[in-house]
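Given next are the chains, with one letter for each unit.
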Amino acid sequence: MQTKSRNIYLVPYLLFIALFVIAPIALVVYYSFFDIHNEFTLTNYEKFFTPVYLKMTLSSFWYAFLITLFSLLIAYPTAYLLTKTRHKQLWLLLIILPTWINLLLKAYAFLGIFGTYGTINSFSEFLGFGTHQILFTDFSFVFVSVYIFIPFMILPIFNSLEELNPSLIYASRDLGASSWTTFHRVIFPLTLNGVKSGCQAVFIPALSLFMITRLIAGNRVITLGTAIEQHFLVTQDWGMGATIAVFLIIAMAIMMIATGTRKRGL
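On a predicted model such as this, the values are computed, not experimentally measured, just so you know.

Q: I tried to follow the UniProt feature "domain: ABC transmembrane type-1" (unreviewed entry) in the protein on my own but got confused; where do I start?
A: According to UniProt, the positions carrying the feature "domain: ABC transmembrane type-1" (unreviewed entry) are residues 57–259. Strand forms 0% of residues 57–259 and helix 76%; the C-alpha atoms that close the span are 20 Å apart.

Right under this line is the structure:
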């Protein structure tokens, strides 16, 4: 009886997975085999391996890597300092608060900050350095992306550091280990799962950015997400857009497997 009752509780979960995970992926794969004239073809997959799309793929991975790297370099020491502060929950709330603001509003805010007559250029001109082109550059794109994604890197690392047994750190210091040795031999390996979770939470959505590339980078940065949006909304070539989405899903799955937690047998 207990087994049957447990199976009943699984029904809503399985329905959710089938309707909102498996079905959308199946539709994307299905549309990838049709051209713009709604005829069955494999040309979309052949076209994806041309230099144009391969270069776009490498560019997407490169920018996603940079965003993840800079987020990690800022998030880890931030999360570590948060665990040492007195009102850590308050500071954590202040970090989470920006995630409640709509992404489009945050992007438009940076248009005002980085614009020719924006806050930074006004201050630069006041100091006598003149105005500079900050908006529509690689720097502005990476900077805004890191700002948007960094809370998702801080949270899992913070949780891992909070769960770390402090007696292990005390033992390391009692054995004569330096602060650096304690960090890279004790603290970092034991919080690696949090780092992996943070990298997943940042790298995967960064790989498919499209709105920020238009508003902040001014289409100077072309990613797979931008190409998908272009094919679905502008050229109406759903087949090619779906093909790019298929490879994007595969890349995300590989990323999740590569950074997944493997349980070791006792």
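Q: Quick question: what am I supposed to make of the UniProt feature "transmembrane region" (unreviewed entry) in the protein here?
A: Here the UniProt feature "transmembrane region" (unreviewed entry) sits at residues 12–33, 61–83, 90–114, 134–158, 201–218 and 238–258. Taken end to end, residues 12–33 comprises 91% helix and 0% strand; its first and last C-alpha atoms sit 31 Å apart. For residues 238–258, helix accounts for 100% and strand for 0%, while the C-alpha atoms at its two ends are 30 Å apart.

Q: Could you clarify how one ought to interpret the packing of helix α4 (residues 88–96) against helix α7 (residues 138–163) in this entry?
A: Viewed as axis vectors pointing N to C, α4 and α7 meet at an angle of 160°, and their least axial separation amounts to 10 Å. Overall, the two elements α4 and α7 adopt an arrangement that is roughly antiparallel. In this structure, α4 meets α7 at a crossing whose hand is left-handed. Here α4 contributes K88, L92, I95 and I96 to the contact with α7, which in turn contributes P151, I154, L155, F158 and E162. Looking at the contact of α4 with α7, its residues break down into seven nonpolar, no polar and two charged.

Q: Before we go on, may I ask you to explain helix α5 (residues 103–114) in this structure?
A: Working note: α-helix, 3.6 residues per turn, so residues spaced by three or four point in the same direction. Given a rise of 1.5 Å per residue, 12 residues ought to cover 16 Å, and the 17 Å separating the end C-alpha atoms of α5 matches this to within 8%. If you check which residues of α5 are buried, you get K106, A107, F110 and F114. Along α5, the residues classed as buried sweep out an arc of 100° about the axis, all on the same side. The inward-facing, buried residues of α5 abut α6 (119–126), α7 and α11 (211–215). At the N-terminal end of α5, a side-chain oxygen is found 2.8 Å from the backbone nitrogen of L104, two or three residues along, and the residue is N102.

Q: Before we go on, may I ask you to explain the pattern of salt bridges in this structure?
A: Applying the stated rule across the entire model yields two salt bridges. Here K88 ties to E162 by a salt bridge, and the two come within 3.2 Å at their closest N and O atoms. Of this pair, K88 sits in helix α4 while E162 sits in helix α7; the two residues are 74 residues apart in sequence, bridging distant segments of the chain.

Q: What am I meant to see in the environment of T223 here?
A: Turning to its location among the elements, T223 is positioned in the loop between α11 and α12 (224–233). The buried category is assigned to T223, whose relative accessible area is 2%. A sequence separation of 10 residues divides T223 from T213, and the C-alpha atoms of the two residues are 7.8 Å apart. When residues no more than four places from it in sequence are discounted, the contact partners of T223 are M56, S60, L209 and T213.

Cut-offs and rules
Residues numbered from 1 in each chain as written. Predicted model: local features only at pLDDT ≥ 70, side-chain atom pairs only at ≥ 80, totals over all residues. Heavy atoms only, no water. UniProt positions renumbered as here; feature names shortened; annotations may be inferred. Helix = DSSP H or I, 4+ residues; strand = E, 2+ residues; numbered from the N terminus. Axes fitted to C-alpha atoms, helices over the stretch in contact; angles between N-to-C directions. Parallel < 35°, antiparallel > 145°, perpendicular 65-115°, else oblique. Left-handed = near helix turned anticlockwise from the far one by under 90°. Contact = heavy atoms within 4.5 Å. Nonpolar A, V, L, I, M, F, W, Y, C, P; charged D, E, K, R; others polar. Expected span 1.5 Å × (residues − 1). Buried < 20%, exposed > 50% of the residue type's maximum accessible area, 1.4 Å probe, protein only. Arc of directions from axis to C-beta. Polar contact = N/O pair within 3.5 Å; in protein donor to acceptor, adjacent residues only side chain to side chain. Salt bridge = Lys/Arg side-chain N within 4 Å of Asp/Glu carboxyl O.

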